[in-house]
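# Results of the structural survey
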Amino acid sequence: MRDRWLINGAWCDGDTGSTFDVRDPASDAIVATLPCAGEKQATAAVDAASRALPAWAALPFDTRAEHLRRAADAMTAAQRELAAVVTQECGKPLAEAEGEVRYAADYLRSAAEQSQALQQEVFDARRPGVRAIAVPEPVGVCAVITPWNFPIAMLARKAAPALAAGCTVVAKPAEETPLSAIAFGELMLQAGVPAGALNVVAGDAPAIGAAWLADPRVRKLSFTGSTEVGRMLMRGAAEQVIRCSMELGGHAAFIVLEGADVPAAVQGALAAKFRNAGQTCICPNRFLVHRSIAGAFTAQLALAAADLMVGPGTDPATRVGPLINDEAVRKVRNHVADALQRGARLVVGGDTRRLPNRPDRFFEPTVLADCHPEMLCFQEETFGPVAPVMAVSQSADAVRIANASPWGLAGYVFGPTAEAERVARQLACGVVGVNEPAPSNAYAPFGGVKWSGFGREGGHWGIGEYLTTKYLAVREQAGTP
Ligand code: SIN
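This structure is a prediction, so every number in the text was calculated from the model and none was measured.

Looking only at helices and strands, the chain has 14 helices and 22 strands in total. For 481 residues, the compact-globule estimate of 2.2 N^0.38 gives 23 Å, and the chain sits close to it at 23 Å. In terms of overall dimensions, the chain has a C-alpha envelope of 80 × 60 × 40 Å along the principal axes. Buried residues in the chain amount to 57% of all 481 residues. Expressed as a percentage of contacts within the chain between residues at least 6 apart in sequence, the contacts between residues at least 24 apart total 71%.

Have a look at this one:
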C-alpha cells in the first residue's frame, strides 16, 4: 500500500513537514502515517492536472473510456483487497465494503458508456443562413473533495465522469480515509490513465481547499460532505467563479402507507437505515408510519434490529460496525437523549455496546417510538443507527412533515405501488425509493434539492456536470466554394 500522494504520476511527500495518522475506527490502531500535504502540494497537483489537460481532452472519447473500463476490471479483480482497505479505515462491514467497491467500479463503467453526452448537436437557432452547432467541451481542471463514509465509491463517482468528459482531476479524500483514494489513484495509473490526469493529495484540508479555490485554472468543484462545509466552499468558489456540484447533508423520510406489506417495509427499513451504521447521506432519519400499522412496524423493526450483530467490520458476522469517531458517538447519544427527554419511548438499543478491548464507538441499532417533529432527530441528520418512528393519520401528513425540512436528498415510500408512487412524486427531494430500500445506482441521477445541494452524479447526468457547451454560429463566407 502506498503512503504518499499522487502528483503527476509520481508518489510524493507532503510539503508541510508534518504527518497525520489514519486510524481504524474499530480498534483505534494507527493503520498508516501519511505526510501532510498543504498549499504547495495542492498547487503542484493543479500544475500537473493543467499540463495533462490538453492531451487528455484531445483523446477520442473511446480511448478515455477504454482506460476507465480497464480500471473497472482491475477494481473488480481486486475487490477483496480494496474492501479490506475500506473496512480498515472507515469501519463498515467487509461485505458492505465489497459492495462499495462494486459500486465504484460501476461508476467507472457507467462513465465509459456516456459517449452520447459528448456528441455535438446541429440545431435550428432560427437564424437564416447560420449553421448552429452546440459543442460539448470539458470544463477543465476539476477539484473533487470526497467524504469518509464511501471512501472509494464517492471518488469514482466524481473522477470517472470528469475523466470521461476529458477533464483532469485534483482529488482530496477525507483525512480519515485517504488510503482508499490512494489505492484508487494507483489503480487508475496502472490502467493507463496518464500522469497528471488524476492527482490525489490530503492533509491540511483548509490549505488545500483554499489553494484550489484561489487558482483560476480550477474550473469545477465537486464536493460531497456537510452542508456547512459546502457553504464555505461555495463562498470560496465565488471568487474565481468556479462551477460547483454539491452533494450535501440528507434527512430522509421513510414513509409507510396504510395497506403496506409490513414485513417488507421492515426489511426495507432495516437495509436502508442500518447500512454503514446509519452513516449514509441517504439513510432514513425519520420514519412516518400510518397509525394503523405503526405498532406492528415498530415492534417488528425493533426485533430485527436487535438481531443485527454489532462488531468490527472485519468479522464476517458483523452487520453494524463502529461509528467513525468519538464525536459521532456524542452526536448520536445526544439525539437519543433529546428524543427520550421529549417523550420518545425506547424500544431497543439506546447506547453504545461495550466490546472488550475496543473503543466505545459501537452504537446499538436503536428504535424509538412516539417521536415527533420537535425532537432533534426529526430536525437534523443523526448519521447513526437510530430509527425514530412517528405514527401519522394520513399520507398528506407524512408528506407535509417530510417536506418541512431544509434538506431534500432522499426519501422512501413503502405501500401499495400506485399510491406509493403518487406520494413519492410529492416529496421535495432528489432520490426516492418506492418499495425500494437501495435506490442508488451508477446509471441513475443522484443528488438533492434545497440544503442537500445541487448537481447530479451517475449516468449521463453525471458526465454533464463536467461539460460546458460551446455554441458555434457559422455563416458561410460569401464566395467560399
Ligand atoms: C452518500 O452517503 O452520500 C452516498 C450514498 C449512496 O450513494 O447510496
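Next up on the list: the site of the ligand. Taken together, the neighbourhood of the ligand is formed by Tyr103, Asn149, Phe150, Met154, Arg157, Glu247, Arg275, Thr280, Cys281, Ile282, Ser440 and Phe446. Contacts to the ligand include Cys281, whose backbone N or O atom sits 2.7 Å from an oxygen atom. Taken together, the residues that form the shell around the ligand break down as six nonpolar, three polar and three charged. Both domain 1 (5-248 + 452-471) and domain 2 (252-434) contribute no fewer than three residues apiece to the shell around the ligand.

Here the focus is the sheet that holds strand E6 (residues 130-138). One open sheet holds the three strands; their spatial order is E5-E6-E22, and the pairing between them is antiparallel. Each having just a single partner strand, strand E5 (121-123) and strand E22 (467-475) make up the two edges of the open sheet. Recorded for the sheet is a direction-independent mean angle of 25° between the axes of neighbouring strands.

Right, let's get into the packing of aromatic side chains. With the rule as written, the count across this model stands at 10 aromatic pairs. Chaining the aromatic ring pairs together yields one cluster made of Phe254, Phe287, Phe297, Tyr412 and Phe414. Positioned above the aromatic ring of Phe150, the side-chain terminus of Lys92 is 3.8 Å from the ring centre. Arg231 extends its terminal NZ or CZ atom over the ring of Trp451, reaching a point 4.6 Å from the ring centre.

Attention shifts here to the domain arrangement of the chain. Partitioning the chain into domains gives domain 1 (5-248 + 452-471) and domain 2 (252-434). One C-alpha centre belongs to domain 1, the other to domain 2, and the line joining them spans 31 Å. Tallying the contact residues gives 22 residues for domain 1 and 26 residues for domain 2. Buried surface at the junction of domain 1 and domain 2, both sides included, amounts to about 1900 Å², of which 56% is carbon and sulfur. Summed over the three residues of domain 1 that lose the most area to domain 2, namely Ala26, Trp148 and Ser452, the buried surface amounts to 27% of that side.

This paragraph deals with the sheet that holds strand E18 (residues 410-414). Spatial strand order, E14-E15-E16-E13-E12-E18-E19: seven strands in an open sheet with mixed pairing. The open sheet terminates on both sides in strands that have one partner only, identified here as strand E14 (345-348) and strand E19 (431-434). Averaged over all pairs of adjacent strands, the angle between strand axes in this sheet comes to 20°, irrespective of strand direction. Pairing geometry for strand E12 (residues 252-256) and E18, over four bridges, is parallel. By the bridge assignment, Ile255 is partnered in E18 with Val413. Taken strand by strand, helix H12 (residues 395-403) contacts E12, strand E13 (284-290) and strand E16 (386-392), and its axis lies near 165° from that of E13.

This part is about unusual backbone geometry. Phi at Asp370 takes a positive value of approximately 60°, unusual for a residue other than glycine. Inspection of the secondary structure puts Asp370 in the loop between strand E15 (366-369) and E16. A positive phi angle, near 55°, is found at Asn435, a position not held by glycine. Mapped onto the secondary structure, Asn435 falls in the loop between E19 and strand E20 (449-450).

The rules behind these values
- Residues numbered from 1 in each chain as written.
- Predicted model: local features only at pLDDT ≥ 70, side-chain atom pairs only at ≥ 80, totals over all residues.
- Heavy atoms only, no water.
- Helix = DSSP H or I, 4+ residues; strand = E, 2+ residues; numbered from the N terminus.
- Rg over C-alpha atoms; globule rule 2.2 N^0.38 Å.
- Buried < 20%, exposed > 50% of the residue type's maximum accessible area, 1.4 Å probe, protein only.
- Contact = heavy atoms within 4.5 Å.
- Near = heavy atom within 4 Å.
- Polar contact = N/O pair within 3.5 Å; in protein donor to acceptor, adjacent residues only side chain to side chain.
- Nonpolar A, V, L, I, M, F, W, Y, C, P; charged D, E, K, R; others polar.
- Domains from an automatic or database assignment.
- Pairing = 2+ DSSP bridges.
- Axes fitted to C-alpha atoms, helices over the stretch in contact; angles between N-to-C directions.
- Phe/Tyr/Trp six-rings, centres within 6.5 Å; stacked < 30°, edge-to-face > 60°.
- Lys NZ or Arg CZ within 6 Å of the ring centre and 35° of its normal.
- Buried area = accessible area lost by both parts, 1.4 Å probe.

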